[in-house]
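Residues per chain are reported as follows:
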Amino acid sequence: MSRQTKKPLAKRGAGGDRPKGGRPATTGAAKVAAKGGAMSAAQGGPKGAIKGGAKGGAKLGAKSAGLRADRPAAARPPRERSGERIERPAGSRPAGDRPHSARPGRPPQRQNSAAPSRAPRAARPDQGVREAFAPESAKPAVEAALPTKVQTVTVSADENGMRVDRFLEARFPGLSFSHIQRIVRKGELRVNGKRADSKDRLEEGQSVRIPPLKLDAPKTGGNLSEAQQKTLAQLKEMTLYEDADVLVLNKPAGLAVQGGSGTTRHIDQMLEVMRDAKGQKPRLVHRIDKETSGCLLVAKTRFAATALTGSFRSRSARKVYWALVAGVPKPKQGRISTYLAKEESEDDSIMRVAKHGDEGASHAVTYYAVVEASAQKLAWVSLKPVTGRTHQLRAHMAHIGHAIVGDPKYFNIENWQLPGGLQNRLHLLARRIVVPHPRGGVIDVSAPLPPHMLQSWNLLGLEHDRFDPIEHAPEE
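Keep in mind the model is a prediction, meaning the values are calculated, not measured.

Draft legend 1. Fine view of the overall build of the chain. Secondary structure summary: the chain contains nine helices and 18 strands in total. Out of the 476 residues belonging to the chain, those deemed buried represent 43%. Looking at the chain as shown, the accessible area adds up to about 25,100 Å², and 50% of this sits on carbon and sulfur atoms.

Here it is as structure tokens:
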């Protein structure tokens, strides 16, 4: 049974995160607030920035480097790591551990391939602060060997809840999306002896049968073809924020996130050109519909993928969408709560409002707020999904009688005429994403209106820099 609770949103108290000046930023710039100190702003590049306490960061950097102002540089002891003693008797250093610098008259030790490379201290003045934020789990791990014959592996605690396709990508970086789909579709991959779907979630302790795999050759920036270089340039043009772990893209409308029937070009395929020297490519953390534009979060490392996926699973990631809908919802702020289930047909599939207990029905909750109306015929609404069901926002707005303009699946208002000058395209934007950064702080990125929505805003006289009332919506 579906229901719509029509009650105003709770007002934000003194501890709220309402932006100063009463209006959110309208540019695509990203703000990252670091915890405990300031990280280098150069890490985010020209399109991303990291905010923090410079004073606290400087103290923390000095402390972690083991520096004292009253001792000469030659007398300073080597910096200690947490849980590790620097001083050891001669000949007792464990294999793979290397000193900070080679001793005179002795050849330098061979670097452990599993440890990250380090730049000279002079080249990294913020090293003390950066390493204070980096947990041990952030260190690169030795990749699993590519199986040349059938093997069986056990799902670890860290892999609990991971999708089958993500599990394979994590275990075998460089494995192509098409290869993963093929072995799953043919039933060559088995979980506890049974066939599995690529979207199935794994549980700790399960046994996974993996057939022989074929790894794609790693691609690096030095040997990209002309077409691949063009794709890389397109990704850079889409980038709203980037650092060593995270990438936020401004996905244009009409470009799919993942492949499917009849889809030859999509974001997941484009990310192939960003593989690193080990063959690892950036991983999708979530998805948005093909015709929806805006913020798309991508993890550049396995460590970041695990942390960001956990944020979405625990609902600590916050997403805000903008839409143009038919009519003006009443009340102007409210909560939509229904069950949604997929309804298949010969030509297409949609999400329908279902009853509790129906097969495949999942609970879906959305908060909405009217930002501005145009002649009582159209309304600009801000949407905050609490859950992340397929087509949730589109199905929910159609359910309350205010379908999103240009929606080919869910716009069901009879005898409704599109106002002149507006393009008949989906008017839905993934406006903003706020998520904890894997290494501390918060990523807060906003995407600008896409061209067809900006045209509609201008024609209707909507002020796209107005304060967004969805700021007052609860988080659950």
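Resuming the write-up.
Draft legend 2. Just the nonpolar core, in detail. Core analysis: the largest hydrophobic core is formed by 37 residues, its most contacted members being Val248, Leu297 and Val445. Within the second largest apolar cluster, 33 residues are counted, among which are Met270, Ala323, Ile336 and Met397.

Draft legend 3. Highlighting the pattern of salt bridges. Taken as a whole and assessed by the stated rule, the structure comprises 14 salt bridges. Between arginine 171 and glutamate 159 there is a salt bridge, with its nearest N and O atoms 2.9 Å apart. You can see arginine 171 sitting in helix H3 (residues 164-171) and its partner glutamate 159 sitting in the loop between strand S4 (151-154) and H3, a full 12 residues away along the chain. Here the two residues arginine 171 and glutamate 159 agree in accessibility, since each one is buried. Two residues, arginine 394 and aspartate 289, come together in a salt bridge whose shortest N-O distance is 3.0 Å. A residue pair is termed long-range when its members are at least 10 positions apart, and arginine 394 in helix H8 (residues 392-399) and aspartate 289 in the loop between strand S10 (283-284) and strand S11 (293-299) qualify at 105 residues. The partly exposed category is assigned to aspartate 289, whose relative accessible area is 21%. Linked through salt bridges whose partners overlap, the residues forming this network are Asp268, Glu272, Arg275 and Lys281.

Draft legend 4. Structural context of unusual backbone geometry. Put simply, lysine 330 and proline 331 share a cis peptide bond, and its omega is -5°. Note on placement: proline 331 falls in the loop between strand S12 (318-326) and strand S13 (333-344). You will see that arginine 315, though not glycine, has its phi angle at about 65°, which is positive. Take arginine 315: it is sitting in the loop between helix H7 (302-313) and S12. Classification of arginine 315 by relative accessible area gives partly exposed; the value is 48%. At histidine 391, a residue that is not glycine, the phi angle is positive and equals roughly 55°. Note on placement: histidine 391 falls in the loop between strand S16 (378-385) and H8.

Draft legend 5. Molecular detail of H7. With 12 residues, H7 extends 16 Å from end C-alpha to end C-alpha; this agrees with the ideal 16 Å at 1.5 Å per step. Taken residue by residue, H7 has Phe303, Ala304, Ala305, Leu308, Ser311 and Phe312 as its buried positions. Turning to H7, the residues buried within the fold contact strand S9 (246-251), S10, S11, S12 and strand S17 (428-436). Looking one or two places after H7, you find arginine 315, whose phi comes out positive at around 65°.

Draft legend 6. Main features of the packing of aromatic side chains. By the definition in use, this model includes three aromatic pairs. With a centroid separation of 4.9 Å and 70° between ring planes, the pair formed by tryptophan 322 and tryptophan 380 is classed as edge-to-face. Taken as a pair, tryptophan 322 in strand S12 and tryptophan 380 in strand S16 lie far apart in primary sequence, 58 residues in all. Judged by its relative accessible area of 0%, tryptophan 380 is buried.

Draft legend 7. Inspection of the packing of H3 against helix H4 (residues 177-185) at higher detail. Relative orientation of the contacting elements H3 and H4 amounts to 125°, with a least axis distance of 10 Å. The angle between the axes of H3 and H4 places the two elements in the oblique class. Seen from above, H3 lies across H4 with right-handed handedness. Residues Val164, Asp165, Leu168 and Glu169 of H3 touch H4, and the partners they reach there are Ile180, Gln181, Ile183 and Val184. A breakdown of the residues in the contact of H3 with H4 according to their chemical character gives five nonpolar, one polar and two charged.

Draft legend 8. Structural context of the sheet that holds strand S7 (residues 207-210). An order of S4-S7-S5-S6 is seen for the four strands of this open sheet, with the pairing classed as antiparallel. Edge positions in the open sheet fall to S4 and strand S6 (194-195), since each of these has one partner strand only. As paired elements, S4 and S7 share four bridges and run antiparallel to each other. The residue of S7 that forms the bridge with glutamine 151 is isoleucine 210.

Draft legend 9. Fine view of the environment of glutamine 269. For glutamine 269, the position within the fold is in helix H6 (residues 267-270). Taking the C-alpha atoms as reference points, glutamine 269 and serine 176, 93 residues apart in sequence, are found 8.9 Å from one another.

Draft legend 10. Spatial organisation of helix H5 (residues 226-238). Here H5 spans 19 Å end to end across 13 residues, near enough to the 18 Å set by a 1.5 Å rise per residue. Residues Thr231, Leu235 and Met238 constitute the buried set of H5. One side of H5 holds all its buried residues, which, seen down the axis, span an arc of 60°. Exposed residues on H5 whose side chains face more than 90 degrees from its buried face are Glu226, Lys230 and Glu237. In the core, the buried residues of H5 are packed alongside strand S8 (239-242), S9 and H6.

Draft legend 11. Local environment of the side chain of histidine 427. Position of histidine 427 relative to the elements: it lies in the loop between H8 and S17. A polar contact is formed between the side chain of histidine 427 and the backbone oxygen of arginine 425, at a distance of 2.6 Å. Ignoring anything within four residues of it in the chain, the contact list for histidine 427 reads Trp322, Ala323, Leu324, Ile404, Val405, His452, Met453, Ser456 and Trp457.

Draft legend 12. Expanded view of the pairing of S16. The buried count for S16 comes to eight of eight residues, which makes it a mostly enclosed element. Where burial is concerned, the two faces of S16 agree: the one with Leu378, Trp380, Ser382 and Lys384 and the one with Ala379, Val381, Leu383 and Pro385 are both buried. Across six bridges, S12 lies against S16 in antiparallel orientation. Opposite tryptophan 322, over in S16, you have serine 382 as the bridge partner. Pairing between strand S15 (residues 362-374) and S16: eight bridges, direction antiparallel. Counted as the bridge partner of alanine 373 is alanine 379 from S16. Between S15 and S16, which pair antiparallel and follow one another directly, the connecting turn spans three residues, one of which, alanine 375, has a positive phi of 55°.

About the cut-offs
Residues numbered from 1 in each chain as written. Predicted model: local features only at pLDDT ≥ 70, side-chain atom pairs only at ≥ 80, totals over all residues. Heavy atoms only, no water. Helix = DSSP H or I, 4+ residues; strand = E, 2+ residues; numbered from the N terminus. Buried < 20%, exposed > 50% of the residue type's maximum accessible area, 1.4 Å probe, protein only. Areas by Shrake-Rupley, 256 points an atom, 1.4 Å probe, with all protein chains shown as cover. Core = buried A, V, L, I, M, F, W, Y, C linked by side-chain atoms within 4.5 Å. Salt bridge = Lys/Arg side-chain N within 4 Å of Asp/Glu carboxyl O. Expected span 1.5 Å × (residues − 1). Contact = heavy atoms within 4.5 Å. Phe/Tyr/Trp six-rings, centres within 6.5 Å; stacked < 30°, edge-to-face > 60°. Axes fitted to C-alpha atoms, helices over the stretch in contact; angles between N-to-C directions. Parallel < 35°, antiparallel > 145°, perpendicular 65-115°, else oblique. Left-handed = near helix turned anticlockwise from the far one by under 90°. Nonpolar A, V, L, I, M, F, W, Y, C, P; charged D, E, K, R; others polar. Pairing = 2+ DSSP bridges. Arc of directions from axis to C-beta. Polar contact = N/O pair within 3.5 Å; in protein donor to acceptor, adjacent residues only side chain to side chain.

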